[in-house]
Amino acid sequence: MKALDRKLLRDLGLLKGQVFTVALVVAAGIAVYVTALSTYQSMAASQRVYYEGSRFADVFARLERAPERVLAELETLPGVAEVEARLVEEVLLDMPGMAEPVSGRIVSIPGGQGPRLNRLDVLRGRRVAPGQAHEVLVSEAFAKAHRLEPGDAVVAVLGGRRAELRVVGVALSPEYIYAAAPGGLNDDERHFGVFWMDREVMAPAFHMEGAFNDVVFRLAPGARTEDVLDAVDRVLAPHGGVGAYGRDQQLSHRIVEGELEGLEVEARVMPLIFMAVAAFLVNVVLSRLVGIQREQIAALKAVGYSNARVGWHYLKLVLGVVGLGAGVGVGLGTWLGRLYTGVYMDVFHFPVFVYRLEWRTVAGAVALNALAAALGALSSVGRAVRLPPAEAMRPESPPRYRPTVLERMGLHRMLSQSGRMVLRDLERRPLRLMMSVLGIALAVSIPAVTRYFVDSVCYVMDVQYELVQREDLVVVFREPVPARAVHELEQLPGVRHGEPLRELPVRLEAGPLSREVVVSGLPAGGAHRRVLDSKLREVPLEGGGLILGSELARRLGVEAGDTVWMHVLEGERQVLQVRVARLVDDWIGLSAYMDLDAMARLLGEERTVSAATLWVDPLQLDALQARLKQLPGILGVARKELARQHFEETNAQVLLVFTLAFSIFAVIISVGIVYNNARVTLAVRARDLATLRVLGFTRREISWVLLGELAVSLLLALPVGLLLGRWIARAMSSALVDTEMIRLPTFITPASSAFAVLVVLGAGLLSALLVRRRLDHLDLIGVLKTRE
C-alpha cells in the first residue's frame, strides 16, 4: 500500500465521527433520489405497458343521445383512426350492510368479446355472454372493497327499476386506474363502482336502442388533438354533446400523471437540498483537516509530492466518504422504493405493477453526489495545493485583535470573562458565524419542509369540509328539477334543513382562452355552502355576476369587472355574456359561483336545481339513507363525513411513509450539520482552550467558551431556518402540485415548526455532550510544546 493511501486511512480514522455523519447525509440524498426516481420509473413503465396493451383511447366525448348513423360521420373526421360508441349510465346501488346509497357506473361492451378501445383485463371469472340479462363485470377495486366474486349479485336501479346484476367476472380498465365518482377527486372504492354490461341488454333498460351517449376515439399518427376535438364537438353539438376532451383531461389519467410528475419533481428537487448540505459538510470537514495538517502538507511537498498528487489525495478522501454513503443510500433507496411501489399498488389499479431500478438511476445518484461533494471540497483542496512548503512549516498567523463594537459601547461589562471571549470571537469572525448560522438554518428548514405537505393538505381539507361544505348530505338528482323538490326532501323524517344547489356545466370563453367548468348556483345567504376569500371571510353572492376562483381567472386571463362568454352545455345550449363580479382564492379545482336566482333569470327559466344539500338528524341518518335509496329520481347521495374519512384513510399510508422517511432524513441532516459545526469549532479553538486550561480555567469555564458559540449560532439560526423552510415549501408547492386540481397554501403548523426546532435543539444537545467529552481529553502538554 502506498504511503498516501495509508495516510488516507489514518485520516478517515481520525475523522471517523465526521466521516460517519457526512456519509449519512450522502446516503440520505442518494436514498431520496433512488426512492423517488425508481418509484416514478416503475409507475411510468406500468402505465405505458398497460396503455399500449389495452389500446387506451386518445379522445373522449359525452352527449345526451345520438343515433347510430352519426358514428359513420365521426369515423370520417380527419385525424381519427378508430371510433367506438357506447352507453354510459350512472346508477344507484343497494349494497348489503351499507345504510348509505352507493353510486355505480355501467358501461356497455360488445357481449362475448369486449371493447376494441379501453380493453378490459378479466382477472377472475369470465366475460359477459351475449344476450344474457344483467350479467356484468365489476371493477377490481369495488369487488375487493365489497368482497364480490363471480356468482355474487348486486342490486341496482336501472332506468327507475330495481334489478339484480349478476357478477360473472372481475376486471380492470385503463379508464379506471383511479376510479373517482362523478364530480369527485377521491378514489372511494366502497362508494363508487364500475360495471360493464352487454350493450344489447343494457340499451333497452335505459331506452337507448339504436343510439349511444358516449364515444371514444383513437387518433391517427401525427393528428392534432385540438383539431379533432373541435371537429367532434361540431358533429355532436346537435345531439347534446357536452364537449370532447383529450386524454390529458381524463380524470384517471390526469391523477396518475399528476402523481408521476410529483415523483419526478421530488426526485429532482429534494436530493438537491441533501447534496447542497453534503457539499457544505465536506467543505467544513476538509477545511478543518487542511488546517490541522499544514505541516504534513509541507512535508509531503518537501519530499517531492506534486500539487496534483496532494490534491488527488484529499479528493480521494471525499470520494471515500461518498462511497460509504452510496452503499447505504442505494440499499435504503431500493427498500423504500419497493415500499412506495407497494403503497401505490393499493391506490392505482394496474394489472401488473413491477418495481424497476435502472442502473442509470444508481449511477446518476452516485455521480451527482460525488460531483456535489467534490465541488464542496474544491476550495479546501485548492488551499492544500497552493500552500507553499515554507509557509506551511510555520503555524498560522494569529488574527489581529482590537476592541469590538460592543466592547467600545461598554456592554462587555455585563458579561463574565468567558462570555466576553465568546462575544469577541463571534464579532471578530463574522464570516464563520454566518456560515454556522446558514448551516444550522438548513438543518431547521428541512424537518419543517418534510411536514409541510401533510400540514397543507390537512388545512385545505379542514377549510373545505368544515367551512365551505357545511352540509351533512348531498342528494344529486338525475336531471334538473324544480326547486320545490328540495322542500319535498325536507319533509322526510330526519331532515332538519335543506338548501338548493344548481351545478351548471358551461364553457367559459375570454378571447382565445376557454375552460369547461361547472358553475355552482347557490342561494343567497345560504348556510350549507359558502364562498370564502383568502382570509376565510364569507363573500356575498348578490349582484348577479360570476364569482371566479383566482386560478380559473388566471387561466382565462380575466379580472373583476371583465365579461366572459358562457356557453351552457345542457338544455337549450344558450350562449350568454356574463360579467365577472369578483375573484376569490380557492384551493380545489377551477371554481365558479353565481347566485341561484340570478342564474335562473339569466337562463330565462324557473328556479331549478340539480342537487340538494341537507342537514340531518344523526339519530335518523340510517333510516333516511334507506329511504333515499327507494326514490327513483335520485342519482346519488354523498355523505361529507364519509368523503373526508375515506380521504384520510386512503392518503394516510402514503403520507405516513413519506413523512416518516423524510423526517428520519431530516434528523440525519440536522445531526450532521450541528455535530460537524461543533467539531470544527473545537478543532479551530482546541489550542486556545487548552491554553486556558493551562492558565487555570476550569472545564466548565472552557466548555462555556466553546459551547457558548454553538448556543449563539443555534439561537440565531432558528428563526432564519423557519423562514427558509417556508420559502422552500412555497417553491416545492408550485413544482409538485397540479394547480388546476389542487393548490396548496404555504401552511406549516406550529407543531411542525416546534418539531423542527426540537430536532435541531436535540442535535445541538447531543453534539454538545459529545464535544464536552473531548474537552476533558485536551492535550495540555502538547500545547505547552507548540511553536509560536
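Note that the coordinates shown come from a computational prediction; the quantities given were computed from them, not determined experimentally. (Residues numbered from 1 in each chain as written. Predicted model: local features only at pLDDT ≥ 70, side-chain atom pairs only at ≥ 80, totals over all residues. Heavy atoms only, no water.)

A. Molecular detail of the nonpolar core. Among the nonpolar cores identified, the biggest contains 50 residues, and Val277, Ile440, Ile673, Leu689 and Val760 are the most heavily contacted of them. Setting aside residues no more than four positions away along its own chain, Val277 makes contact with Val25, Leu442, Ile446, Ile669 and Ile673. (Core = buried A, V, L, I, M, F, W, Y, C linked by side-chain atoms within 4.5 Å. Buried < 20%, exposed > 50% of the residue type's maximum accessible area, 1.4 Å probe, protein only. Contact = heavy atoms within 4.5 Å.)

B. Expanded view of the packing of helix α1 (residues 3-14) against helix α9 (residues 307-345). It is the contact of α1 with α9, at a shortest axis distance of 10 Å, that shows an interaxial angle of 45 degrees. Taken together, α1 and α9 sit at an angle that is classed as oblique. In this structure, α1 meets α9 at a crossing whose hand is right-handed. The segment α1 lies against α9, with Leu4, Asp5, Lys7, Leu8, Asp11 and Leu12 engaging Arg309, His313, Tyr314, Lys316, Leu317 and Val321. Classifying every residue of the contact of α1 with α9 gives 6 nonpolar, 1 polar and 5 charged. (Axes fitted to C-alpha atoms, helices over the stretch in contact; angles between N-to-C directions. Helix = DSSP H or I, 4+ residues; strand = E, 2+ residues; numbered from the N terminus. Parallel < 35°, antiparallel > 145°, perpendicular 65-115°, else oblique. Left-handed = near helix turned anticlockwise from the far one by under 90°. Nonpolar A, V, L, I, M, F, W, Y, C, P; charged D, E, K, R; others polar.)

C. A look at the pattern of salt bridges. Counted according to the given criterion, the structure contains 24 salt bridges. We note a salt bridge from Glu509 to Arg507, for which the minimum N-O separation is 3.3 Å. Judged by its relative accessible area of 23%, Arg507 is partly exposed. Here the salt bridges do not stand alone but share partners, grouping Arg55, Glu82 and Arg116 into one network. (Salt bridge = Lys/Arg side-chain N within 4 Å of Asp/Glu carboxyl O.)

D. Quick peek at the confidence of the model for the protein. Summing up the model confidence of the protein, the mean pLDDT is 80 and the portion of residues at 70 or higher is 85%. By mean pLDDT, helix α22 (residues 780-785) is the weakest element of the protein at 57, and strand β10 (residues 211-219) is the strongest at 93. (pLDDT = per-residue confidence, 0-100.)

E. Representation of the sheet that holds strand β2 (residues 80-86) within the structure. Across the sheet, 4 strands lie side by side as β2-β10-β1-β11; this open sheet has antiparallel pairing. What marks the edges here is a single partner per strand, and that holds for β2 and β11 (245-246). The pairing of β2 with β10 spans 6 bridges and is classified as antiparallel. What sits directly across from Val83, in β10, is Phe217. Its contacts with the sheet put helix α6 (residues 225-236) on β1 (59-67), β2, β10 and β11, and the angle it makes with β1 is roughly 10 degrees. (Pairing = 2+ DSSP bridges.)

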